[in-house]
Amino acid sequence: MIVKRRAVALVLVAALVALTGCVQQGALTNPGWTVVAERDGIVYAALATGSVVALDAAQGGEVVWKYPEKVAAVGCGVARTTDESGESLLNAVYGEPLVLDDVVLVGSFSGDLYAFGRESGKPEWTYQVDGAIVGGVTEADGVLYFGSSDGKVYALDAATREPVWAEPFATGNRVWGTPRVDETRVYVASMDHSVYAIERSTGKMVWSYDLGASAPGTLTLADGRLYVGSVSRYLTCLSAADGSELWRSPQYEAWVWGEALVVGDGVYFGSLDGKMHALHAVDGSKLWNDVQLNGAVRAGPALDGESLIVGTESGYVYTIDMSTGKESLLFGDREGEKLGAVLSTPVVSGNMVYVGTSIGNVVALDLTLRDPVVWVYPPTEAK
């Protein structure tokens with residue numbers, strides 16, 4: 001069993017690298033994914049090149065701040081250089097930034113959780129753990145929750161950076177997804193094949209459920225239910241109250257990695273064979289037939305009114321009507337739009353969609369325009 005789990009872990013690590021479209025070379029840092037967040041008209045992004053930026057969305061993606069201020073690019077990776085201020089590039093980032101009132105939190109493959117001043121971009125503090133931080137961070141009532149490749153789940157007081165629990169909660173293998181929380185519990189999926197419910201106040205386990213396969217992604221918590229994808233190619237629905245299985249999807253042709261989106265009675269999610277799936281939340285029956293897209297769907301979809309926004313490994317972004325499953329290509333087929341894989345969930349704000357690419361770009365798309373590209377950071381020949 002240990003050998004088998006190690007083999008699956010190695011395959012997943014290889015998949016992380018392969019999906020970036022870049023391979024580590026010599027002294028280059030591990031390539032990450034470009035992951036984005038938006039708040040109050042500012043787009044915050046951790047780039048695949050190791051930088052973190054804040055961009056003014058209304059001003060054509062003008063840089064508000066950048067960390068570090070100077071970088072030296074080498075091919076599709078970036079040398080781990082240090083600028084005049086002593087600031088170093090981050091190692092690979094895969095989890096979306098968390099934007100709080102005063103700081104922007106970014107977890108790194110180096111095991112460092114960074115807090116950058118929201119207005120200044122200056123590092124305010126770091127917190128290091130023993131394993132890579134692959135998922136994002138969740139905040140609730142002043143406490144930060146995140147998982148690590150050391151198999152543990154951490155709870156930190158956001159103000160003091162002191163642990164809230166007597167010790168981190170230990171699973172049997174890597175935790176790559178972002179924890180989800182409700183009023184009393186934290187929920188995570190682990191590469192040890194299990195889903196866990198943890199008491200928020202003590203860090204003690206309430207229940208666990210064996211999926212029968214590794215779960216590399218982030219689970220979804222909605223209306224008292226958990227939706228968890230796995231390498232066994234299922235989406236499993238569990239009761240958040242006691243961990244009992246409510247239903248399981250058909251077995252698909254590839255891993256279900258990205259976070260599912262629950263809207264009303266529908267559950268929407270993709271798989272690495274490039275298909276989007278839509279099921280009834282109550283019983284797992286089909287809402288519409290699977291939709292084939294161009295490229296693996298690694299991340300979860302975003303919501304835009306009555307439509308889904310979905311990115312693929314081939315660098316395309318689609319809109320999909322939630323009621324019918326009809327897809328329409330939004331981005332990726334025009335000259336200048338070949339900017340690498342879309343491996344993280346797009347961010348929707350009003351009419352705008354912000355997309356991160358595997359070569360380190362942030363793309364702003366206006367859903368009301370026939371040619372939707374408004375700006376690209378760093379600037380390219382695209383509109």
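Our subject is the structure listed above.
Notes on the structure follow. (Residues numbered from 1 in each chain as written. Predicted model: local features only at pLDDT ≥ 70, side-chain atom pairs only at ≥ 80, totals over all residues. Heavy atoms only, no water.)

**Describing the overall build of the chain**
Looking only at helices and strands, one finds one helix and 34 strands in the chain. The buried share among the 383 residues of the chain stands at 58%. Contacts spanning at least 24 positions in sequence make up 40% of the contacts within the chain whose residues lie at least 6 apart. Only carbon and sulfur atoms are counted for the fraction: they give 48% of the accessible area of the chain, which is about 15,300 Å². (Helix = DSSP H or I, 4+ residues; strand = E, 2+ residues; numbered from the N terminus. Buried < 20%, exposed > 50% of the residue type's maximum accessible area, 1.4 Å probe, protein only. Contact = heavy atoms within 4.5 Å. Areas by Shrake-Rupley, 256 points an atom, 1.4 Å probe, with all protein chains shown as cover.)

**Here's the deal with the pattern of salt bridges**
Per the counting criterion, the structure on display carries 10 salt bridges. In this structure, Lys 122 engages Glu 69 in a salt bridge whose closest nitrogen and oxygen atoms are separated by 3.5 Å. A residue pair is termed long-range when its members are at least 10 positions apart, and Lys 122 in the loop between β9 (112–117) and β10 (123–128) and Glu 69 in the loop between β4 (62–67) and β5 (73–74) qualify at 53 residues. Judged by relative accessible area, Lys 122 falls into the partly exposed class, the value being 39%. Judged by relative accessible area, Glu 69 falls into the exposed class, the value being 52%. A salt bridge links Asp 141 to Arg 200; the shortest N-O distance between them is 2.9 Å. (Salt bridge = Lys/Arg side-chain N within 4 Å of Asp/Glu carboxyl O.)

**A word on the sheet that holds strand β26 (residues 286–292)**
In spatial order, the strands read β23-β24-β25-β26; together these four strands make up an open sheet with antiparallel pairing. The sheet is open, and its two edges are formed by β23 (261–263) and β26, each paired on a single side. Averaged over all pairs of adjacent strands, the angle between their axes in this sheet comes to 15 degrees, without regard to strand direction. As judged from the five bridges shared by strand β24 (residues 266–270) and strand β25 (residues 275–280), these two strands associate in the antiparallel manner. What sits directly across from Val 267, in β25, is Leu 279. (Pairing = 2+ DSSP bridges. Axes fitted to C-alpha atoms, helices over the stretch in contact; angles between N-to-C directions.)

**Digging into the environment of Arg 334**
Mapped onto the secondary structure, Arg 334 falls in the loop between β30 (327–331) and β31 (347–349). According to the relative accessible area criterion, Arg 334 is partly exposed, its value standing at 28%. Note: C-alpha distance between Arg 334 and Asp 371 (37 residues apart in sequence) is 9.1 Å. When sequence neighbours within four positions are dropped, the list of residues in contact with Arg 334 reads Arg 370, Asp 371 and Pro 372. Polar contacts involving the side chain of Arg 334 include one to the main-chain carbonyl oxygen of Leu 330, which spans 3.3 Å. (Polar contact = N/O pair within 3.5 Å; in protein donor to acceptor, adjacent residues only side chain to side chain.)

**Section: the pairing of strand β33 (residues 362–366)**
When you tally the buried positions in β33, you get five out of five residues, the bulk of the element. In the sheet, strand β32 (residues 352–356) pairs with β33 via five bridges, with the strands oriented antiparallel. In the sheet register, Gly 356 faces β33, and the bridge partner there is Val 362. Hairpin geometry of β32 and β33 is characterised by an intervening segment of five residues between the two adjacent antiparallel strands and by a positive phi of about 100 degrees at Gly 360.

**As for the packing of aromatic side chains**
Evaluation of the coordinates by the stated rule reveals 17 aromatic pairs. Here the aromatic rings of Tyr 187 and Trp 207 are separated by 6.3 Å at their centres, their planes lie at 45 degrees, and the arrangement is tilted. Here the residue Tyr 187 occupies a position in strand β16 (residues 185–189), and Trp 207 occupies one in strand β18 (residues 205–210), the gap between them amounting to 20 residues. By relative accessible area, Tyr 187 is classed as buried at 1%. Each residue in the set Trp 33, Tyr 94, Phe 109, Trp 255 and Trp 257 is aromatic and connected to the rest through ring pairs, giving one cluster. (Phe/Tyr/Trp six-rings, centres within 6.5 Å; stacked < 30°, edge-to-face > 60°.)

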